Amino acid sequence: MKKPYNIVYFVLMFLSVIYIVFFYDDNSTDLMVLAAGMFILTSIFTYSNRKK
């Protein structure tokens, strides 16, 4: 059950990093929004993968 979550998390983080590497613009606030989204996703997936 945990495997699909890890795959989704990996794909979302991979796409976010690719966006930062290739399409980052210095005059944009997209990086701040993307970083906040990545932080929230990391928190969600870390919480969902914890041992109960």
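Note: the structure precedes this text.
Quick caveat, the model's predicted, so the values are computed rather than measured.

Caption draft 1: Seen up close, the overall build of the protein. When helices and strands are tallied, the protein shows two helices and zero strands. Counting the 52 residues in the protein, one finds 10% classified as buried. Surface summary for the protein: the accessible area is close to 4600 Å², and the carbon and sulfur share equals 73%.

Caption draft 2: The packing of aromatic side chains, seen in detail. In this structure the tally under the stated criterion is one aromatic pair. Centre to centre, the rings of Phe10 and Phe14 are 6.0 Å apart; their planes meet at 20 degrees, and the pair counts as stacked. Pair noted here: Phe10 and Phe14 are both in helix H1 (residues 2-23), with a separation of four residues, about one helical turn.

Criteria and thresholds
- Residues numbered from 1 in each chain as written.
- Predicted model: local features only at pLDDT ≥ 70, side-chain atom pairs only at ≥ 80, totals over all residues.
- Heavy atoms only, no water.
- Helix = DSSP H or I, 4+ residues; strand = E, 2+ residues; numbered from the N terminus.
- Buried < 20%, exposed > 50% of the residue type's maximum accessible area, 1.4 Å probe, protein only.
- Areas by Shrake-Rupley, 256 points an atom, 1.4 Å probe, with all protein chains shown as cover.
- Phe/Tyr/Trp six-rings, centres within 6.5 Å; stacked < 30°, edge-to-face > 60°.

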